[in-house]
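# Summary of structural features
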Amino acid sequence: GYRVSLQGNFFGHNHTYVTFPEYNPRKHIKLDPPLNLQSNATASKCQIWWSVWNVPWYLAEILQYELQYKEYSMSWEIALNKTLPSSLPQIEIEATELRSGIAYTARVRCKVSENENSYHSQWSEWSKTTVFQRADVPKLSEKILYTRTMQLLFIPLSFGTLLYLFWNCKLSSRYCCFLTLGQKASPALIFPRQLLSFSPSTVYTMGISR
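Residues numbered from 1 in each chain as written. Predicted model: local features only at pLDDT ≥ 70, side-chain atom pairs only at ≥ 80, totals over all residues. Heavy atoms only, no water.

Rules: UniProt positions are given in the numbering used here, feature names are shortened, and annotations may be inferred rather than shown by experiment.
The name an unreviewed UniProt entry gives the protein chain is IL9R protein, with Sapayoa aenigma as the organism. As recorded by UniProt, the Subcellular location (unreviewed entry) comment attached to the protein chain reads in full: "Membrane".

Here's what the structure looks like:
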């Protein structure tokens, strides 16, 4: 560690003040804010990424980021915060967290992870902002909508047609059976036994009378 002191001439006398008797630079780090903040919003999510500058590689691997975003017209005091779970300089915001047709702005800052024991830092200043807006869900064209509607109607219509044909066939078979039974039971088709004792001329006469 280091010993940090302050020397000065006060009222004609030299004085030395010890500010940090045990100063460790690794425990007093403040990084530069992230750069090149960019965003790309679709109908399902918004991707935001950035880069860091003037950060040694051994610190870049243990950085912690905090994203802050809000509606463009709102104050930063009511912005939403997201702490990234990894040191990757990127994050995704689900579309369900964004209102359609509303512009948003976001910014990010960084520091050494709190889980790191060898180094310690305070938050950097906030980066410059990026503006994004959730894309609207594309609407189906009339042709595609008509095709899907017909596909949905095809199944119940087909089922109804098959049921109608089945019911008609069932009624037709019952009607044919009824006619057959009626013909067998018709008295016009069954001659009484008494006619067997009549003469042939009588039977012929009876047939013509019908």
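There is more to say, and it comes next.
### Considerations on the sheet that holds strand β8 (residues 90-94)
Note the following rule: By this definition, two strands are paired if DSSP reports at least two bridges between them. Segments assigned H or I by DSSP are reported as helices when at least four residues long, segments assigned E as strands when at least two residues long, and all are numbered from the N terminus. Note on geometry: axes are C-alpha line fits, over the in-contact stretch for helices, and angles between N-to-C directions span 0 to 180 degrees.
Strands sit in the order β4-β5-β8 across an open sheet of 3 strands; the sheet is antiparallel. Two strands bound the open sheet, and with one partner strand each, they are β4 (35-41) and β8. Averaged over all neighbouring strand pairs, the angle between strand axes comes to 15°, with direction disregarded. Inspection of the sheet shows strand β5 (residues 45-51) paired to β8 by 5 bridges, in the antiparallel sense. If you follow tryptophan 49 over to β8, its bridge partner there is glutamine 90.

### Comments concerning the nonpolar core
Heads up, the condition is: To form a nonpolar core, buried Ala, Val, Leu, Ile, Met, Phe, Trp, Tyr and Cys residues must be joined to one another through side-chain atoms within 4.5 Å. Exposure is judged per residue with a 1.4 Å probe applied to protein chains only, and the accessible area is read against the type maximum: over 50% gives exposed, under 20% gives buried, and values in between give partly exposed. Throughout, a contact is declared for two residues whenever any of their heavy atoms are within 4.5 Å.
Ranked by size, the top nonpolar core spans 24 residues in total, and within it Ile48, Trp50, Leu59, Leu67, Ile93 and Phe132 carry the most contacts. Only β5, β6 (63-71), β8 and β9 (103-112) provide two or more residues apiece to this core. Top element by residues in this core is β9. It accounts for 5 residues. Excluding residues that lie within four positions of it along the chain, isoleucine 48 makes contacts with Leu37, Gln38, Ser39, Leu67, Pro89, Gln90, Ile91, Ile93, Ala106 and Phe132.

### Focus: the sheet that holds β9
Strand order in the open sheet formed by 4 strands is β7-β6-β9-β11, and the pairing between neighbours is antiparallel. Whereas interior strands pair on both sides, the edge strands pair on one side only; in this sheet they are β7 (80-83) and β11 (130-133). Averaged over all pairs of adjacent strands, the angle between strand axes in this sheet comes to 30°, irrespective of strand direction. Pairing analysis gives 4 bridges linking β9 to β11, with the strands arranged antiparallel. When the sheet's bridge partners are listed, alanine 103 is paired in β11 with glutamine 133.

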